[in-house]
Amino acid sequence: MRARVSILAALAVSITSAVIFASSGIETEARPKQRDFIIAGSDGYGTQECLASQSSCGRIVADAWCEAKGFRSALAYRQLDRDEITGSASTSRGKPVDSFLISCKD
């Protein structure tokens, strides 16, 4: 009788643990499937050279940026027009810095 109670108690604990474990997946961190980043061309990632000229290294730079932010890869990337950004960044000489949009995906 005592062994039977122990087995039932162990079974109840196992089932409870399984239910808690399974339901914990429901409360995972909500993260967007896509996120856009606006970055200045002078950030040191090579965006100015690669993204502005649409050279072959553009995809590499965009993917690296997204991976550094915890995403799988870049969905899209492009140079922004100056009028798309309020208060565009400028260098110490007052010349506006090109900015870029990189859209990352999970």
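Residues numbered from 1 in each chain as written. Predicted model: local features only at pLDDT ≥ 70, side-chain atom pairs only at ≥ 80, totals over all residues. Heavy atoms only, no water.

Moving on, we get to the overall build of the protein chain. Counting its secondary structure elements, the protein chain contains three helices and three strands. With 106 residues in all, the protein chain has 25% of them scored as buried. Considering only contacts within the protein chain whose residues lie at least 6 apart along the sequence, 64% involve residues at least 24 apart. Entry remark: accessible area of the protein chain is about 7700 Å², with carbon and sulfur atoms responsible for 57%. (Helix = DSSP H or I, 4+ residues; strand = E, 2+ residues; numbered from the N terminus. Buried < 20%, exposed > 50% of the residue type's maximum accessible area, 1.4 Å probe, protein only. Contact = heavy atoms within 4.5 Å. Areas by Shrake-Rupley, 256 points an atom, 1.4 Å probe, with all protein chains shown as cover.)

Okay, the state of the cysteines next. Throughout the structure, instances matching the rule amount to two disulfides. Bridging Cys50 to Cys57, the disulfide has an S-S length of 1.8 Å. Between Cys50 and Cys57 the sulfur-sulfur dihedral comes to about -110 degrees; the bridge is accordingly left-handed. Two residues share a disulfide in this structure: Cys66 and Cys104, whose sulfurs sit 2.0 Å from each other. Given an S-S torsion of about -80 degrees, the disulfide between Cys66 and Cys104 has left-handed geometry. Taken together, the residues Cys66 in helix 3 (residues 57-68) and Cys104 in strand 3 (residues 99-105) connect sequence positions 38 residues apart. (Disulfide = S-S within 2.5 Å.)

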